[in-house]
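Listed here are the chains, written in short residue letters.
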Amino acid sequence: MSRVFDQETRKRLMALRLALSRRFVQGGGLTEPARGKGGKTEFRDHRLYAEGDDLGRLDWNVYGRLGELHIKRFQADADVEILIRLDVSASMSFGPKDQMARRLVAGLCFGLCAQQRPVRVETVASELSVVGPCVRREADALRMLEALEALPTPAGILNSRTFVMRRGPQAKNQLIYLISDFLDDIDTSYDGFGAKEGQLGISCAMFAVLAHEERDPKPGGRVRLVDYEGRGDLDLTLDAKTCEAYRRLLDAQLKEHHRLAVSRAGVFEVVPAEGEFDEILLRHFAAGGAPK
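Residues numbered from 1 in each chain as written. Predicted model: local features only at pLDDT ≥ 70, side-chain atom pairs only at ≥ 80, totals over all residues. Heavy atoms only, no water.

(A) Up close: the pattern of salt bridges. Under the criterion given, the structure shown has 18 salt bridges. Two residues, Glu 146 and Arg 10, come together in a salt bridge whose shortest N-O distance is 2.6 Å. Separated by 136 residues along the polypeptide, Glu 146 in helix α5 (residues 138-149) and Arg 10 in helix α1 (residues 7-28) bring together distant segments of the chain. The class of Glu 146 is partly exposed, set by a relative accessible area of 41%. In this structure Arg 10 comes out as buried when scored by relative accessible area, which is 19%. Arg 143 is the salt-bridge partner of Asp 140, the closest N and O atoms lying 2.4 Å from each other. Of the two residues, Asp 140 and Arg 143 both sit in helix α5, 3 residues apart, roughly one turn of that helix. On the basis of relative accessibility, which here comes to 10%, the residue Asp 140 falls in the buried class. (Salt bridge = Lys/Arg side-chain N within 4 Å of Asp/Glu carboxyl O. Helix = DSSP H or I, 4+ residues; strand = E, 2+ residues; numbered from the N terminus. Buried < 20%, exposed > 50% of the residue type's maximum accessible area, 1.4 Å probe, protein only.)

Written out as structure tokens, the structure is:
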């Protein structure tokens, strides 16, 4: 079985991190320090520089006094948390979706750790599981690769209520990345999903990873429908009418998810499973689809 994170993919992850780090240093950072009354920055403290830290946060005045590199930390760093939640239910095993989804998770970890925001990764099918260590630096992101590589083949049914819920003491200041095919009905009525725009600029980012056959099925193709609740499967041959009806239903479903994301200060993007993960993420950040 081919590795999700082969040497070429690892090189591209490092290149992605470098490209995003340069963007942050040049003023295109994902996050800004929290501001208090009168627009003053809420400075918290310093800590020693560590390899992989954001160079834009170096305090050169401290370096001039002490001869050591220190990073400035702000109150927002303690208040904000980024959560990446990955759908590992059975539908994600179709085609290259699972591979693309894991690479998106890894790319987000490598890109976001440049801002020293704590990034947690969770998987959800019937139950929720925490994956690997909390990612703060490049070394943590590298360890996350091994944890993602070791994930089993997607299986089971998605617990949609668990997939969208916010949890933990910092839930009000969480940015949640949801990575799924969004072919299941998501429980959008749950109060924990989304939030008003706050420190982060947005509250959720939803990546819908879909294979080519799912985005644009062709008449005459054969489809095997599998009921993962145990009621068997069904072989079908698609005609033009069925394909058109499917496209309308898919379009309506994706539009509803997009409406939901926007209503909760979020973004929604359809991701081709056959695409290039690094190009997708660079476009995502360049378009402002990340914390401001």
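(B) Looking closely at the sheet that holds strand β6 (residues 174-180). Here 6 strands make up an open sheet; going across it, the order is β5-β4-β3-β6-β7-β10 and the pairing mixed. Edge positions in the sheet fall to β5 (128-135) and β10 (266-272), since each has one partner strand and no second. Neighbouring strand axes in the sheet, compared pairwise and without regard to direction, differ in orientation by 15° on average. Where strand β4 (residues 119-124) and β5 come together, 5 bridges link them in antiparallel fashion. Directly across from Val 121, in β5, lies its bridge partner Val 131. In the packing of helix α4 (residues 97-112) onto the sheet, contacts are made with β3 (81-87), β4, β5, β6, β7 (204-210) and β10, and the angle to β3 comes to roughly 170°. Helix-sheet contacts for helix α8 (residues 240-263) involve β7 and β10, and the interaxial angle to β10 is about 145°. (Pairing = 2+ DSSP bridges. Axes fitted to C-alpha atoms, helices over the stretch in contact; angles between N-to-C directions. Contact = heavy atoms within 4.5 Å.)

(C) Layout of α5. In this model α5 runs 17 Å from its N-terminal to its C-terminal C-alpha over 12 residues, within 8% of the 16 Å that 1.5 Å per residue would give. Taken together, the buried positions of α5 are occupied by Glu 138, Asp 140, Ala 141, Met 144, Leu 145, Leu 148 and Glu 149. (Expected span 1.5 Å × (residues − 1).)

(D) Representation of α8 in the model. Here α8 spans 35 Å end to end across 24 residues, near enough to the 34 Å set by a 1.5 Å rise per residue. Taken together, the buried residues of α8 touch β7, α7 (212-215) and β10. Immediately downstream of α8, the backbone of Ala 265 shows phi near 55°, a positive value.

(E) Main features of the packing of aromatic side chains. Per the stated rule, a full pass over the model turns up 4 aromatic pairs. Aromatic side chains Trp 60 and Tyr 63 sit 5.9 Å apart centroid to centroid with 85° between the ring planes, which places their arrangement in the edge-to-face category. Of the two residues, Trp 60 and Tyr 63 are both situated in helix α2 (residues 60-66); the distance of 3 residues between them amounts to about one turn of the helix. On the basis of relative accessible area, Trp 60 is assigned to the exposed category, the value being 54%. Given a relative accessible area of 38%, Tyr 63 falls into the partly exposed group. With 5.7 Å between their ring centres and 70° between their planes, Phe 182 and Phe 268 make a pair best called edge-to-face. In this pair, Phe 182 sits in the loop between β6 and β7 while Phe 268 sits in strand β10, placing the two residues 86 residues apart along the sequence. (Phe/Tyr/Trp six-rings, centres within 6.5 Å; stacked < 30°, edge-to-face > 60°.)

(F) Representation of the packing of α4 against α5 within the structure. Two numbers describe how α4 lies on α5: the axes approach to 10 Å, and their chain directions differ by 165°. By the angle class used here, α4 and α5 are roughly antiparallel. Along this stretch, α4 crosses α5, giving a crossing that reads as right-handed. Each of Arg 102, Val 105, Ala 106, Cys 109 and Phe 110 in α4 lies in contact with α5, whose residues at this interface are Ala 141, Leu 142, Met 144, Leu 145, Leu 148 and Glu 149. Taken together, the residues of the contact of α4 with α5 sort by class into 9 nonpolar, no polar and 2 charged. (Parallel < 35°, antiparallel > 145°, perpendicular 65-115°, else oblique. Left-handed = near helix turned anticlockwise from the far one by under 90°. Nonpolar A, V, L, I, M, F, W, Y, C, P; charged D, E, K, R; others polar.)

(G) Here's a closer look at the nonpolar core. Membership of the largest hydrophobic core comes to 42 residues, with the highest contact counts inside it found for Ile 84, Leu 104, Leu 108, Tyr 177 and Ile 179. Looking at this core element by element, the count peaks at 9 residues for α4. Apart from the residues within four sequence positions on either side, Ile 179 is in contact with Ile 84, Arg 85, Leu 86, Asp 87, Ala 101, Leu 104, Val 105, Leu 108, Phe 163, Phe 207 and Val 209. Val 164, Ile 176, Met 206 and Leu 254 belong to the second largest nonpolar core, which has 15 residues in total. (Core = buried A, V, L, I, M, F, W, Y, C linked by side-chain atoms within 4.5 Å.)

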